[in-house]
Amino acid sequence: MTITGREPILLTAGDFVLVPEIFSFTMSSLEPPPREAAAQHLETSPGVFRLGNPDGPVEIVAMVGHCAFASDDRALLVSLLPEVIHISGEERLTLLVRMINEETRADRTARDMVLRRLLEVLLIEALRSTVGTAAPPGLLRGMADPLLAPTLRRIHADPGRSMSVEALAQDAAMSRSTFFDRFRREVGVAPMEYATGWRMALAKQLLRQDIATAEIAQRVGYGSASAFSVAFTRYVGKPPRAYSRNATAA
């Protein structure tokens, strides 16, 4: 599997790959087949395709799908995930893929509901399988850091409190420079950039609920409605009221 801008990934039986952002990628044999064989493309049943010689032996079976975030903040979510997740030999993922394959092929009661839940669990399981210091920079790696995880949880739980790099560093029992460098290295963004992104994501959600701007400002850590409005407009590109009107109309 070759993803644009990255080294090729060698896939073996039982491997799982998740690409949270849209990248151009190709999958190919180690030894490319003859051009005429590669061009053959047959849909054997809805959503099931046979590539290559239809009478030849099956050399690889793969399940391919995609997930979409139903959120205005999907860009923020994607930016905090690893660019590529490649997992080998994870039995729980293999079991989930097998269950999804069986459910897809069967015509059982509540099939669509079961598939939605299985796909959600598959995504969560894939994400938490990457937790650890070997994971690429992102939220998952930050949450695996014992010194940064409490800070991230406090940002999530209490976005309305006063925040600064100095205060966050003090909470984490680190110097300002050490905390800043560690946070940016592990999470992939600067501490206040992350805090602002989280606050604005919550603000968007509250605006969609038609809550007063002054109350939202207090909930997400701004001293006044005007200060919040300026920050929101700078971050989102439109004032809170305009965002709320557009969200309600949609």
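Everything numeric here is computed off the predicted structure, so don't read it as measured data. (Residues numbered from 1 in each chain as written. Predicted model: local features only at pLDDT ≥ 70, side-chain atom pairs only at ≥ 80, totals over all residues. Heavy atoms only, no water.)

## As for the overall build of the chain
Move 1: Per the secondary structure count, the chain includes 12 helices and six strands.
Move 2: Here the C-alpha atoms of the chain give a radius of gyration of 23 Å, more than 25% beyond the 18 Å that 2.2 N^0.38 yields for 250 residues.
Move 3: Projected onto its principal axes, the C-alpha positions of the chain cover 70 × 45 × 35 Å.
Move 4: Out of the 250 residues in the chain, the part that is buried amounts to 31%.
Move 5: Partitioning the intrachain contacts of the chain with sequence separation of at least 6 by distance along the chain shows that 53% fall at a separation of at least 24.
Move 6: Approximately 16,000 Å² of the chain is accessible, and the part contributed by carbon and sulfur atoms is 55%. (Helix = DSSP H or I, 4+ residues; strand = E, 2+ residues; numbered from the N terminus. Rg over C-alpha atoms; globule rule 2.2 N^0.38 Å. Buried < 20%, exposed > 50% of the residue type's maximum accessible area, 1.4 Å probe, protein only. Contact = heavy atoms within 4.5 Å. Areas by Shrake-Rupley, 256 points an atom, 1.4 Å probe, with all protein chains shown as cover.)

## Points about the environment of Gly56
Move 1: Along the chain, Gly56 turns up in the loop between β5 (48-51) and α2 (74-79).
Move 2: Gly56 sits 66 residues away from Leu122 along the chain, and the two C-alpha atoms are 32 Å apart.

## Some details on the nonpolar core
Move 1: Core analysis: the biggest nonpolar cluster contains 18 residues, and Ile155, Phe179, Phe183, Val187 and Tyr194 have the highest contact counts within it.
Move 2: Sorting the residues of this core by element identifies α6 (149-157), α7 (165-171), α8 (176-187) and α9 (191-208) as the ones contributing at least two each.
Move 3: Counting residues in each nonpolar core, the second largest holds 15 residues, with Phe16, Ile85, Leu115 and Leu118 among its members. (Core = buried A, V, L, I, M, F, W, Y, C linked by side-chain atoms within 4.5 Å.)

## Things to note about the packing of aromatic side chains
Move 1: Counted by the stated rule, this structure contains five aromatic pairs.
Move 2: Ring geometry for Phe179 versus Phe183: centroids 5.7 Å apart, planes at 50°, classification tilted. Of this pair, Phe179 and Phe183 both sit in helix α8, four residues apart, which is roughly one turn of that helix. In this structure, Phe179 and Phe183 share a single accessibility class: buried. (Phe/Tyr/Trp six-rings, centres within 6.5 Å; stacked < 30°, edge-to-face > 60°.)

## Examining the side chain of Glu125
Move 1: Here Glu125 shows up in helix α4 (residues 111-128).
Move 2: With sequence-adjacent residues up to four places away left out, Glu125 is seen in contact with Arg92, Leu93 and Leu96.

## A look at the packing of helix α3 (residues 91-105) against α4
In helix packing, the relevant descriptors are the interaxial angle and the interaxial distance, both defined with respect to the helix axes.
Move 1: Look at α3 against α4: their axes get within 10 Å of each other, and the N-to-C directions meet at 160°. As far as their axial angle goes, α4 and α3 are roughly antiparallel. In the packing of α3 onto α4, the handedness of the crossing is left-handed. Contacts between α3 and α4 involve Arg92, Leu93, Leu96, Val97, Met99, Ile100, Glu103 and Thr104 on the former and, on the latter, Arg111, Val114, Leu115, Leu118, Leu119, Val121, Leu122, Glu125, Ala126 and Arg128. (Axes fitted to C-alpha atoms, helices over the stretch in contact; angles between N-to-C directions. Parallel < 35°, antiparallel > 145°, perpendicular 65-115°, else oblique. Left-handed = near helix turned anticlockwise from the far one by under 90°.)

In short, the description is geometric, and any link to function would need to be established separately.
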